[in-house]
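Below, each chain spelled out in residue letters.
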Amino acid sequence: MKGWLGAMRFNKSGGKINWFPGHMAAATRAIRHRLKLSDLVIEVRDARIPLSSANDDLQPMLSEKRRVIALNKKDLANPNIMHRWIRYFDSCKQECLPINAHSRSSVQKVSDILSMPFSWKLVVSLFCICFICQRCSNYYL
């Protein structure tokens, strides 16, 4: 039992552990750069956990843009709770759209948002980068 903390590579002094992999840091830098060029952001969140699937590091930059929050995986979320989330985002004056990315009708809803009249100052930059890992569900468009 003696020395098991060292065997597991824990830091006894409680120092800061860098868990942020390089590909995630590169993705965050790319998003920050593209956000400067974007007028509209479609932020895709998990419909089951819409607040915790947001990227807190990007929220200050996202708050300056016109933003639509797409709640993906609506088919897996509880419909009663989904309605509450939609009301919550409406009360925050935030456009919200429940979608299922595997459904053509949902993709069409997102496409309709892009074709809405809007004064385009710069190019809308759409991109899809995963923040957690390549197999997760948290994407930002």
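Data block above holds the structure.
Scope of this entry: the structure provided in the associated data block.

The rules we used
- Residues numbered from 1 in each chain as written.
- Predicted model: local features only at pLDDT ≥ 70, side-chain atom pairs only at ≥ 80, totals over all residues.
- Heavy atoms only, no water.
- Helix = DSSP H or I, 4+ residues; strand = E, 2+ residues; numbered from the N terminus.
- Contact = heavy atoms within 4.5 Å.
- Buried < 20%, exposed > 50% of the residue type's maximum accessible area, 1.4 Å probe, protein only.
- Arc of directions from axis to C-beta.
- Phe/Tyr/Trp six-rings, centres within 6.5 Å; stacked < 30°, edge-to-face > 60°.
- Pairing = 2+ DSSP bridges.
- Right-handed = clockwise from strand over helix to strand, strands pointing away.

Concerning the overall build of the chain
- For the chain, the helix and strand inventory stands at five helices and five strands.
- Secondary structure of the chain in N-to-C order comes out as α-α-β-α-β-α-β-α-β-β.
- A separation threshold of at least 6 residues defines the contact pool for the chain, and within that pool the share at least 24 residues apart is 72%.

Section: helix H5 (residues 104-114)
- What H5 keeps buried is the set Ser106, Val110 and Ile113. The arc that holds the buried residues of H5, viewed along the axis, is 55 degrees, so those residues lie on one side.
- The elements touched by buried residues of H5 are strand E1 (40-46), strand E2 (66-72) and strand E3 (95-98).

Comments concerning the packing of aromatic side chains
- Within this structure, the stated rule accounts for three aromatic pairs.
- With a centroid separation of 5.6 Å and an interplanar angle of 90 degrees, the aromatic rings of Trp85 and Tyr88 are classed as edge-to-face. In this pair, Trp85 and Tyr88 both sit in helix H4 (residues 79-91), three residues apart, roughly one turn of the helix.

A short note on the pairing of E2
- Within E2, seven of the seven residues are buried, which leaves the element mostly enclosed by the surrounding structure.
- Alternating positions in E2 separate into two faces, Arg66, Val68, Ala70 and Asn72 on one and Arg67, Ile69 and Leu71 on the other, with burial throughout.
- Here E2 runs beside E3; their pairing, made up of four bridges, is parallel. Across the sheet, Ile69 pairs through a bridge with Cys96, a residue of E3.
- What joins E2 to E3 is H4, and the crossover it makes is right-handed.

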